[in-house]
Amino acid sequence: MSVITYRQALRDTLRAEMHRDENVFLMGEEIGVFEGSYKITEGLLKEFGERRVRDTPIAEEGFVGAAIGAAMLGLRPVVEIMTINFSLIAIDQIINHAAKIYGMFGGQTSVPMVIRTPGGGGQQLGATHSQNIELFYSFVPGLKVLAPSTPAEAAAMLRAAIRDDDPVLFLENLGLYNSKGEVPEGDETVAEIGRAAVTREGTDITLIGYSRMAMVAGQVAEALAAEGISVEVVDLRSLRPLDRQTIVESVCKTGSAVIAEDDWLTYGIGAEIAASIQEGAFDYLDAPVRRVAMAEVPMPYAKPLESAALPSVESITTAVKETLNAVGRRVG
Amino acid sequence: MRVLPRQLDQPLLRPAVEPGVGAHALASPEQQATAPAFSGSTGPEEADSYVERHTMADTAKPKGGGTTRSTGGRRRSRKDSPSNIADEQPKVLLEYYRQMLLIRRFEERTGQAYTQARIGGYCHLNLGEEATIVGLMTALQERDYLFTNYRDHGYAIGKGMSPRSVMAELYGRSTGAAKGWGGSMHMYDTETRMLGGYGIVGGQLPLATGAALAISYRGGDEVVMCQMGDGTTNIGAWHESLNIASLWNLPVIFVVINNYTGMGTPVEASSAEPELYKRGSAFRIEGVRVDGRDVLAVRDAAANLVERARSEQRPFLLEATSYRMKGHSVVDPAKYRTKEQVEEARSNDPITAFEATLEKAGILTEEAKQEIADSVREEVADAAEFAENSPHPEVSTLFDYTYATPVANESRRMPADPVFAE
Amino acid sequence: MSEIYMPRLSDTMEEGVISSWVKKVGDKVTTGDVLVEIETDKAVMEYEAYEDGYLVKQSVGEGETVPIGAVIGAIGESPDAVPADSGNGGAQPAAEPATGAVDPQPEPAAEPAAGIPRQAQAAEEAEEAEAPAPEGPARPRTSPLARRLAKEYGLDIETITGSGPKGRVVRADIEAAAKQRQEGAPAQEPAPAAQPSAGAPQGAFDDGRASEELTVSNVRKVIARRLTQSKQEVPHFYLRRTIDAEALKAFRAQINEQLESTGVKVSFNDLIVKAAATTLRLHPAVNRSWIDDKLLQHGRVNVGVAVAVDAGLVVPVLHDTDKLPLSEIATKSRELAGRAREGKLKPQEMSGGTFSVSNLGMFGIDSFSAVINPPEAAILAVGAMQQQPVVRDGEVVARNTIALELSVDHRAVDGAVGAAFLKELAEILESPMRIIL
């Protein structure tokens, strides 16, 4: 068992998968010579050469589409889009092509590719570089969307994504790259796509998150435990398919739920979770489902504004306590 | 200024690019010197077909010189007329003729079936493009890959798919090429390596580039052909794909079918460089323009580029000029075209022309003509009958093709189903 | 043509019953005429016309219940005006003018004034009334989980008072009610007036007891809800003291003798009410309310007097009891009780209490523990006057006594404070001249 960063877990997994399968190769802007904007691919060009670690021009539509085409012929490209904001330039290729080719042609050709891309805010990157638009992809059948929150999960899910025959959008997070966690040495776990996980058991309330918000949810639960509040944390892990069963089972147990999401509230991921909860756990709800989400503004640059707009430990804690108060648990 | 539709019998509005201007100044004299020469004989100026090339070498000298014809329409230069008809095998020529006629009759039948509501959705026909299609497809080897736009029925047949599976797909039947999942715009067949008609303009370009990347990655000797319309040369995917293909030396031929009208917009009204074969120059991609009405000219030009792409491992651009005999799609009355233009399109019917050439050369006898006509009619009737009698896809198969790898919690919910069953 | 909507005639009213139509269809109506009598959750109220014309339609029949805002009839310019049919009693969005300011989080005014808690409550409920009226009859707020659990426990959720936001019944309430029922005891708890077991299990009609479900009036529902809330939320403690009532008895006789010409008769209860008011003035620490983690000191002394009526229990309030002369307390009590029995109390006559007195002496009850009427901090339960052997100067003698029991909200009032209050009250009643001094 060793403690490594999320970044290291991704890099180790990419390297191992490239050694395992000759068809796996990397494409993206600045992933080779520059070794990646966020250094995920550090050292890989030296190890594998230009053929398998391919720097692309700044042309997301072109190189994402090329990855799809290569996948149609059986390669397993792992594309890095520098941040999820830039995926908008490739959205036609991702949604109209990657997601459609298998079904639209009657199941003749699959598209075994991975698009790795970080979302996240909080780095003072301003409106166009702080969005969390994984929702766009989670909306589309034919895509699989994963959002790991720990190094071990990142490794196991990236392994699963690369070995899967469908296009997988693999959501990373700028705020998670330096986070550390235990990853068993020589671990070869391949995560099951489409499964959420109860990452902390509790009895009073269910707190749901994914990616960075799953980590923050864990912190909130830990802090509240000291106050005698037992929070159950559900890490969605897979945004599509969505594991409604795990969510609903937890809410049936606790009777109330708070959803923490790094995206905008209206029509957001949390809206889908809340809708699922009302349908699956209607008779078990003791309070309305509460969502904690980004303020609905283009993300400002100034730090106080940015911090105010983002969900935080404090705002999630408040929502959890208010929900508990609503069900008769008098908590501060 | 509003750009009026170009009269088909007038020269293009824009003159040839002057030497030393813009992208054409990119090439060095060394490149000019090493630019491969196009092999082909120069025919008489009056010949009905032509081939025009745009190479790196062209960037340093006046293009075309005084060869632009003052009559007969398009600017033409360095004519590469089709191989002498006498050098061709009659059997091969008759097969081209048959293929062209098959596509013609197939598309006519398709138009009819559409109006009878046997076919739904959008439906774009290849009427008038038969020579281009057969020429292009003949230039490809079986192992080569084809990507096209949504005007794809003829290409599917030309690449080797059976008219039955194409027609059944149009009818939306389970026996169709894509089992009824694709329809008119999405013909696909892994067997014949027809890797898809694509409905989104430009969508196929990055994909074809990626397919060529896969070939290159594996050191294969296949070539990818990527067909598109003239309007596609303005979309971002065009620029990104040509750039990547050239940058990475990928074996892909980008083929632009220029019928001078993107839906209803004249090419000059949408492309700043309406001589589309020149648009590869920004990416150092050699471009060739060919008369799409001439099956042999198209075949020769395409075959040349395909084999060069295979041996040289680099992309090429081929522009085939053509006439669209009908509207953009079955439901388009094409009112934006003048009567004269329609008349000209008709008078430029590639099948009529090829028929006349073959008859004149004594290759197509009256008897053979009848026989081919009958067999084609039969084949099309058989395709339609097959489609008509094929079963509709079972609703139970609705969730069969969402994912290739089965996945937990995949939704199989029908519209009225609750997310959670009681 | 204008429609008549089910009016909101009490602070807690959510729906109303058409008690009787005073005007018949076709009758001429003048502004101020009583159109209809409506039974709210608290009383039967007269509802007057706001314009001249003719009653052209009665959309809701007598005995029918509709939510606030539902159309109940229409007034037209001529007797035969055709009403624009909006359905029979169909609920309209309650464009009902809310009573009081609509503040999402009503803060009780800092300035002590009587009735503040009621106002706060009214404002909160007014906010609820802002929402479109539900299609069907108004329902108490309940969480889905609470509804499911109530069903499983066989509890009638409408009898359970919610502790959640805006009175939403949540799991905790159901579980408390179920526990309470299991323990059995509080079911027999006498309330300010005789109280049927609010926690009695419902929905178990096939258990061999040959039970049948009775129609429950709005008043009954409110009683059930409020008292359940009280017993669940308010930590009661009880103080008992028996007073020597000989002096009180003599005092009463003396007063009534003097008042004989006026026709006014002062009851023991009136004396106790007045004594309680006087004591509250001396012990303001009992004249308080605990509401939403806030402690309110009331500036007025308003004593409510529990009255048993056919429909259940009502508590008319004597405002500024401490300032009213005894004779007025006597007259007013009688008058309010009379109208209470007729169901004709106005909402304001049942609002603003700061303390209650419940007397079951007339039934020969020795003593009992009353349920506090929230948000009041205390209620005094008065037993029957009876002769008891007491020791006086070393001798056992028979004396008239009355057993008092004070139920106190421990959140607002501590034991010693309550005890001091009861001690003072007892002393006043035993030296009754102090009542009027």
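Now for a look at the structure at hand. (Residues numbered from 1 in each chain as written. Chains lettered and ligands numbered in written order. Predicted model: local features only at pLDDT ≥ 70, side-chain atom pairs only at ≥ 80, totals over all residues.)

**So, the overall build of chain B**
Now for step 1: For chain B, the helix and strand inventory stands at 12 helices and 9 strands.
Now for step 2: Here chain B holds 422 residues, and 49% of them are scored as buried. (Helix = DSSP H or I, 4+ residues; strand = E, 2+ residues; numbered from the N terminus. Buried ≥ 20, exposed ≤ 12 C-beta atoms within 10 Å, placed from the backbone.)

**Looking at the overall build of chain A**
Now for step 1: Helix and strand counts for chain A stand at 12 helices and 14 strands.
Now for step 2: Residues counted as buried form 61% of the 332 residues belonging to chain A.
Now for step 3: In chain A, the share of contacts with a sequence separation of at least 24, taken over all contacts with a separation of at least 6, comes to 79%. (Contact = placed C-beta atoms within 7 Å.)

**A few points about the pairing of strand E10 (residues 205-209) of chain A**
Two faces, one strand: in a regular strand the side chains alternate between the faces of the sheet.
Residues and elements named next belong to chain A.
Now for step 1: With 5 of 5 residues buried, E10 is to be regarded as a mostly interior element.
Now for step 2: Both faces of E10 are covered, namely the face carrying Ile205, Leu207 and Gly209 and the face carrying Thr206 and Ile208.
Now for step 3: Relative to strand E11 (residues 231-235), E10 runs parallel, the two being bridged by 5 bridges. In the sheet register, Gly209 faces E11, and the bridge partner there is Asp235.
Now for step 4: The parallel pair E10 and E11 is bridged by helix H8 (residues 212-225), and the resulting crossover is right-handed.
Now for step 5: Bridge count between E10 and strand E13 (residues 257-264): 3 bridges; the pairing is parallel. What sits directly across from Leu207, in E13, is Val258. (Pairing = 2+ DSSP bridges. Right-handed = clockwise from strand over helix to strand, strands pointing away.)

**Observations concerning the sheet that holds strand E8 (residues 287-291) of chain B**
Residue and element names in this part refer to chain B.
Now for step 1: Strand order in the open sheet made by the 7 strands is E1-E8-E9-E5-E4-E2-E3, with mixed pairing throughout. With partners counted over all chains shown, the strands left at the sheet margins are strand E1 (51-54) and strand E3 (194-197), one partner each. In this sheet, adjacent strand axes meet at a mean angle of 15 degrees when their direction is disregarded.
Now for step 2: As paired strands, strand E2 (residues 145-148) and strand E4 (residues 224-229) are joined by 3 bridges and run parallel to one another. The partner of Phe147 across the bridge, within E4, is Cys226.
Now for step 3: Packing against the sheet, helix H6 (residues 204-218) makes contact with E2, E3, E4 and strand E5 (252-258), and its axis sits at approximately 170 degrees to E4. (Axes fitted to C-alpha atoms, helices over the stretch in contact; angles between N-to-C directions.)

**Some details on the pairing of strand E2 (residues 15-21) of chain C**
Now for step 1: Sheet topology places E2 of chain C next to strand E7 (residues 65-67) of chain C; 3 bridges connect them, and they run antiparallel. Counterpart to Val17 of chain C in the pairing with E7 of chain C is Thr65 of chain C.

**What about the interface of chain C and chain A?**
Now for step 1: The interface of chain C with chain A comprises 12 residues on the first partner and 10 residues on the second.
Now for step 2: Along the lines of polarity and charge, the residues of the side of chain C that touches chain A split into 6 nonpolar, 3 polar and 3 charged. (Nonpolar A, V, L, I, M, F, W, Y, C, P; charged D, E, K, R; others polar.)

**Overview of the sheet that holds strand E3 (residues 53-55) of chain A**
The strands making up a sheet associate through backbone hydrogen bonding, with each pair oriented either parallel or antiparallel.
Residues and elements named next belong to chain A.
Now for step 1: Reading across from one edge, E3-E2-E4-E5-E7-E6-E12 is the order of the 7 strands in this open sheet, with mixed pairing throughout. In this open sheet, the two strands that pair with only one neighbour each are E3 and strand E12 (238-240). Each adjacent strand pair in this sheet contributes to an overall mean axis angle of 20 degrees, direction not counted.
Now for step 2: Bridge count for strand E6 (residues 144-146) against strand E7 (residues 168-173) is 3 bridges, and the pairing is parallel. Bridge pairing links Lys144 to Val168 in E7.

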